Amino acid sequence: MQQQERSASYECSNYLARTQVIDPSHRQELCDWGYKTVEACNGVNPSTAVVAFGYFDRFLSSDSPAARRALNDVVECQLAFVTCLVIALKIHPGFNVESDFVAEVITNNAYDAKEINDMELEILVALGWKLNGPTPHDFIDYFLEVMPHRNGTSMELIQIMSKRLVELAVTQYTTVMYFPSEIAFASVCCAMHHVKYVLLADSLIFLQTITGLEFRDDNLRLLFQTMICLVRSCFPAMRDRSPSSVTGE
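If you're wondering where the values come from, they're calculated on a predicted model, not measured in any experiment.

Comments concerning the overall build of the protein
Inference 1: Across its full length, the protein holds 13 helices and 0 strands.
Inference 2: Listing the helices and strands of the protein from first to last along the sequence gives α-α-α-α-α-α-α-α-α-α-α-α-α.
Inference 3: Dimensions of the protein, computed from C-alpha atoms along their principal axes, come out at roughly 55 × 35 × 30 Å.
Inference 4: Residues classed as buried in the protein amount to 49% of the 249 residues present.
Inference 5: Taking all contacts inside the protein whose residues are at least 6 apart in sequence as the whole, residues at least 24 apart take part in 78%.
Inference 6: Carbon and sulfur atoms form 51% of the exposed surface of the protein, whose accessible area is close to 12,500 Å².
Inference 7: Computed over 19 positive and 30 negative side-chain charges, the inter-centroid distance for the protein is 7 Å.

Shown next as structure tokens:
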């Protein structure tokens, strides 16, 4: 999976450096709206929105003329984001998305079906029709599945917290140029530390071994700082170490 994510097709650039129209706050607002939209879709979880954000970042990182237009026009940028969300929903098993419904209900007629369909083709071509790259959620599941000496309750809590950290972190533009495996690595490390996982030291060594990543790597410092801030601001002390202390259920 790490080899796949590092191929040119899945790389993201600092695309906002190429525009004075769109800024990180615009992207944050779009991501927040994306989560609300996905939440309103029965049977669809936030990981689908994370997939859509990935499409959006890859599209704007491309040299597509449509991407250049989107970077210099807020209306076009919003259309691109909506369409990326539509694509992510379309590949969700058992979920049917019609462009007319998206235009009338989701965008409140801000765009028509033709505009959405045209943008969908532009995005698919720009992405090289590559829609199934690994996500941070995929890496979290893999890391915890192969973890030796797993404690069931602790692993469940770490998995829930790690995925929630990812969902919060990917709304921030500072995470765009990190690989999904790096985002997953940082989230799992921070979750393990926060819940005071009894096998923390051994687990960190294991994660570093299987990923080739170092949690003290200068290149990952900003990512870890982002995760640590999210932990401190969004999660309770979790003295009971139960999954409900993360989910709020």
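Considerations on the packing of aromatic side chains
Inference 1: On inspection of all chains with the given rule, the structure shows 8 aromatic pairs.
Inference 2: Arranged with centres 5.4 Å apart and planes meeting at 80 degrees, the rings of Tyr-15 and Tyr-173 form a pair that is edge-to-face. Here Tyr-173 lies in the loop between α9 (152–169) and α10 (180–194) and Tyr-15 lies in the loop between α1 (2–5) and α2 (24–39), a separation of 158 residues in the sequence. The exposure classification of Tyr-15 matches that of Tyr-173, with both residues buried.
Inference 3: With a centroid separation of 5.1 Å and 80 degrees between ring planes, the pair formed by Tyr-35 and Phe-53 is classed as edge-to-face. One end of the pair, Tyr-35, is in helix α2; the other, Phe-53, is in helix α3 (residues 46–61), and 18 residues separate them in sequence. Each member of the pair, Tyr-35 together with Phe-53, is buried.
Inference 4: Feature note: the residues Trp-33, Tyr-35, Phe-53, Phe-56 and Phe-81 constitute an aromatic cluster, connected by ring pairs.
Inference 5: Seen from the ring of Phe-179, Arg-6 lies directly overhead, with NZ or CZ sitting 4.3 Å from the centre.

Re the layout of surface pockets
Inference 1: For the largest pocket, the calculated volume is near 750 Å³.
Inference 2: Elements with a minimum of two residues in the lining of the largest pocket: α3, α8 (136–146), α9 and α10.
Inference 3: A total of 10 residues in the lining of the largest pocket trace back to one element, the largest contributor, which is α3.
Inference 4: Grouping the constituent residues of the lining of the largest pocket by class yields 20 nonpolar, 10 polar and 9 charged.
Inference 5: Taken together, 15 residues line the second largest pocket, and the ones lying closest to its centre are Cys-189, Cys-190, His-193, Phe-224 and Ile-228.
Inference 6: Of all elements in the fold, only α10, α11 (200–211) and α12 (221–234) reach the threshold of two or more residues within the lining of the second largest pocket.
Inference 7: At 6 residues, α12 tops the list of elements feeding residues into the lining of the second largest pocket.
Inference 8: Taken together, the residues of the lining of the second largest pocket sort by class into 8 nonpolar, 3 polar and 4 charged.

Digging into unusual backbone geometry
Inference 1: Phi angles above zero are rare outside glycine, and Asn-109 is one such case at about 65 degrees.
Inference 2: Residue position: Asn-109 is located in the loop between α6 (99–106) and α7 (113–126).
Inference 3: Exposure remark for Asn-109: the relative accessible area of 54% places this residue in the exposed category.
Inference 4: For Trp-129, which is not glycine, the phi dihedral falls at a positive 60 degrees.

Digging into the nonpolar core
Inference 1: Core analysis: the largest hydrophobic core is formed by 81 residues, its most contacted members being Phe-56, Phe-59, Ile-158 and Met-192.
Inference 2: At 11 residues, helix α5 (residues 74–90) tops the list of elements feeding residues into this core.
Inference 3: When residues no more than four places from it in sequence are discounted, the contact partners of Phe-56 are Tyr-15, Arg-27, Leu-30, Cys-77, Ala-80, Phe-81 and Cys-84.

Criteria and cut-off values
Residues numbered from 1 in each chain as written. Predicted model: local features only at pLDDT ≥ 70, side-chain atom pairs only at ≥ 80, totals over all residues. Heavy atoms only, no water. Helix = DSSP H or I, 4+ residues; strand = E, 2+ residues; numbered from the N terminus. Buried < 20%, exposed > 50% of the residue type's maximum accessible area, 1.4 Å probe, protein only. Contact = heavy atoms within 4.5 Å. Areas by Shrake-Rupley, 256 points an atom, 1.4 Å probe, with all protein chains shown as cover. Lys, Arg positive; Asp, Glu negative; His and termini not counted. Charge placed at Lys NZ, Arg CZ, Asp CG, Glu CD. Phe/Tyr/Trp six-rings, centres within 6.5 Å; stacked < 30°, edge-to-face > 60°. Lys NZ or Arg CZ within 6 Å of the ring centre and 35° of its normal. 1 Å grid on protein atoms, 1.4 Å probe; cavity = no way out; pocket = protein on both sides within 12 Å on 5 of 7 lines; lining within 4 Å. Points joined across faces, edges and corners; volume = space filled by probe spheres on them. Nonpolar A, V, L, I, M, F, W, Y, C, P; charged D, E, K, R; others polar. Core = buried A, V, L, I, M, F, W, Y, C linked by side-chain atoms within 4.5 Å.

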